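Tertiary structure, described
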Amino acid sequence: MNEKNAAPSAPTHDPNAVDLSFPFQSTNIDEGGFTDEYRVLSKTGFIPADKALHPIPSHLPNHTPHVYEDPEKARALKDVQLVTFVPNDLEDPRNHSKLYRWWITFICAFSVVEVAFASSVVTGDFEDIRAELHAGEVVTNLSVTLMVCGFGIGPLFWSPLSEVLGRRLIWIIPSFIYLLFIIPCAVAKNIQTLLVCRFFCGIFASAPLTLAGGTISDIWDNEERGFAIALFAAAPYGGPVLGPIVGGFVGETVGWRWMFWVNLIFAGAMFILKASLPETYPPVILKRRAVRLRKETGDENIRTEQELFKVPFAQMMQDTLIRPFQMLLTEPILLLLSLYIALIYGLLYAFFFSFPVVFGGNYQWNDGIVGLTFISVWIGLGLALLVMPFLQRDYMRRAAAKGGKAEPEDRLVGMLIGSIWVPISLFIFGWTSPPAVMPGGGNWVGPVSSGIPFGFGMVIIYFSANAYIIDAFPGYVASALAAKTVVRSGSGAAMPLFITAMYHNLGNGWAASVWAFISLAMVPIPFLFYRYGKFIRSKSKRATSA
């Protein structure tokens with residue numbers, strides 16, 4: 001970049017960190033590489049394009065943007081000016097007041113909590129649904145499975161659309177359609193209607209799962225967003241825990257249909273808040289500015305990189321649907337971490353069916369009281385949020401010790417800490433439940449308390465693994481996160497179909513122990529990547545060489 005034109009960046013901006021606001025899917029990065037256009041500040045509002053482009057982070061020796069290899073294109077690039085924000089730019093989402101940015105963060109986090117809540121609220125009164133709609137246990141459980149399947153499918157479409165249309169439209173339109181699909185769930189006369197509408201609820205409700213992290217990244221620079229991102233990381237796991245707490249009492253007192261009316265009220269309230277969100281996506285804001293400036297000046301060389309190296313929409317959708325699966329097959333780091341995250345997510349949904357087996361079946365508690373047992377998971381989640389600022393400070397110290405640029409493996413410290421707590425929680429749950437410890441007195445404390453180490457380990461693992469994936473694949477962040485989301489949702493969707501039968505057939509102790517041993521086998525994964533991750537990345541086509 002032209003240093004004479006450069007304005008000082010915000011002191012909280014780390015140029016070495018991955019820019020999560022970059023339009024990865026709608027920009028041909030092989031042709032144009034990366035640019036800091038969407039984060040850098042310039043005095044004039046422009047930077048020369050031929051100085052702004054830089055290679056995709058990779059260990060491969062020749063990752064120079066292809067545009068520089070064509071002499072004619074390279075000459076034409078010298079006349080192009082890329083639009084940037086200027087100091088104190090009113091349109092720069094980072095310049096909103098801190099209070100307003102926290103308000104946006106609150107809306108983003110609670111939007112994720114709401115849709116995650118919707119996936120599990122139905123578990124509060126399965127018995128009455130089965131009785132009224134004449135459905136079997138596994139078929140009724142599909143009401144959870146199909147919505148979580150929608151969580152995996154929807155982001156494959158909402159993510160690329162948000163890069164083209166902006167975040168605001170994708171916050172609003174899918175959320176409104178989601179509201180419409182909740183209504184037939186509440187008035188369903190047969191199980192088929194309920195299941196079909198739950199699937200579409202999942203697809204349209206998944207937009208916040210796609211947008212929340214990006215929106216938070218838009219408004220907070222990368223060295224000040226630590227706790228905001230921690231809230232986002234906890235939301236997909238805290239939301240489902242809230243579902244059976246509310247659903248249990250609602251189903252018990254006013255009937256199962258009111259679980260969906262409560263869902264509609266919660267979703268409607270959040271829709272009103274989401275409709276108030278401004279556009280925060282820098283590429284779209286700057287693209288609109290570039291269009292306006294071209295009209296005002298007649299200078300067709302005023303562009304954004306997204307416009308210069310635009311990916312055709314059909315090609316973008318094809319890449320969005322295919323590349324995540326290609327990466328799962330060729331990138332062991334992504335595959336193993338996605339499987340680890342999927343296991344944790346699946347175990348969370350397994351608790352929604354194993355807790356009722358123990359507390360509803362063995363302890364004979366009603367649905368409302370069974371729902372309260374999930375508060376223990378919330379306690380663990382809260383403890384994890386208290387620990388995350390310390391993890392972030394530890395990461396910053398490691399970065400400072402390495403000259404300001406940490407390695408991706410430094411993100412794994414949280415996983416090293418959190419990994420052991422998941423198997424511990426499962427062993428506690430299995431072997432303090434009947435018949436190992438029979439109901440009576442305060443014996444319920446053992447299985448209930450198992451949710452605390454699980455909630456703690458679950459959130460710490462996800463936060464660290466997600467950050468590691470982002471840092472390890474800076475050129476392919478969107479595809480890597482999409483792959484993780486698909487695998488995670490598949491696991492969450494599968495658990496409801498067999499977990500109840502597993503506990504009935506194996507018994508509480510051994511059913512929980514099977515999952516404890518599987519999660520115990522996963523514990524070495526972060527340790528191996530912490531030790532050998534850099535070597536594994538050196539063999540990858542897409543991982544960074546840093």
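In this report, we go over the structure that sits alongside the text.

**Observations regarding the packing of helix H4 (residues 98-120) against helix H6 (residues 137-153)**
Put simply, H4 and H6 touch, their axes get as near as 8 Å, and they point 150° apart. Between H4 and H6, the crossing angle belongs to the class labelled roughly antiparallel. Contact with H4, carried on its side by Val115, Ala118 and Ser119, involves Val144, Met147, Val148 and Phe151 of H6 and no other residues of that element.

**Topic: the packing of helix H7 (residues 155-165) against helix H8 (residues 167-187)**
Their axes nearest at 7 Å, the elements H7 and H8 cross at an angle of 130°. Relative to H8, H7 is oriented oblique. Judged by residue contacts, Trp158, Leu161, Ser162 and Leu165 of H7 engage Arg167, Leu169, Ile170 and Pro174 from H8. Within the contact of H7 with H8, the residues separate by chemical class into six nonpolar, one polar and one charged.

**Things to note about H8**
With 21 residues, H8 should reach 30 Å at 1.5 Å per residue; the first-to-last C-alpha distance of 32 Å fits that figure. By the burial criterion, the buried members of H8 are Arg167, Ile170, Trp171, Ile172, Pro174, Ser175, Tyr178, Leu179, Ile182, Cys185 and Ala186. Buried residues along H8 sit against H4, H6, H7, helix H9 (191-205), helix H10 (207-219) and helix H12 (257-275).

**A short note on the packing of aromatic side chains**
According to the stated counting rule, one finds 36 aromatic pairs in the structure shown. When the ring of phenylalanine 355 is compared with that of phenylalanine 359, the centres are 5.3 Å apart and the planes differ by 75°; the resulting orientation is edge-to-face. With a gap of four residues between them, phenylalanine 355 and phenylalanine 359 both fall in helix H16 (residues 332-362), about one helical turn apart. Considered together, phenylalanine 355 and phenylalanine 359 belong to a single accessibility category, that of buried residues. Look at phenylalanine 355 and phenylalanine 429: their rings are 5.1 Å apart centre to centre, the planes differ by 20°, and that puts the pair in the stacked class.

**As for the sheet that holds strand S2 (residues 81-83)**
An order of S1-S2-S3 is seen for the three strands of this open sheet, with the pairing classed as mixed. Each edge of the sheet is formed by a strand with only one pairing partner; in this case those strands are strand S1 (46-48) and strand S3 (302-303). The sheet contact formed by S1 and S2 spans three bridges and is antiparallel. Residue pairing in the sheet places isoleucine 47 in a bridge with leucine 82 of S2.

Criteria and thresholds
Residues numbered from 1 in each chain as written. Predicted model: local features only at pLDDT ≥ 70, side-chain atom pairs only at ≥ 80, totals over all residues. Heavy atoms only, no water. Axes fitted to C-alpha atoms, helices over the stretch in contact; angles between N-to-C directions. Helix = DSSP H or I, 4+ residues; strand = E, 2+ residues; numbered from the N terminus. Parallel < 35°, antiparallel > 145°, perpendicular 65-115°, else oblique. Contact = heavy atoms within 4.5 Å. Nonpolar A, V, L, I, M, F, W, Y, C, P; charged D, E, K, R; others polar. Expected span 1.5 Å × (residues − 1). Buried < 20%, exposed > 50% of the residue type's maximum accessible area, 1.4 Å probe, protein only. Phe/Tyr/Trp six-rings, centres within 6.5 Å; stacked < 30°, edge-to-face > 60°. Pairing = 2+ DSSP bridges.

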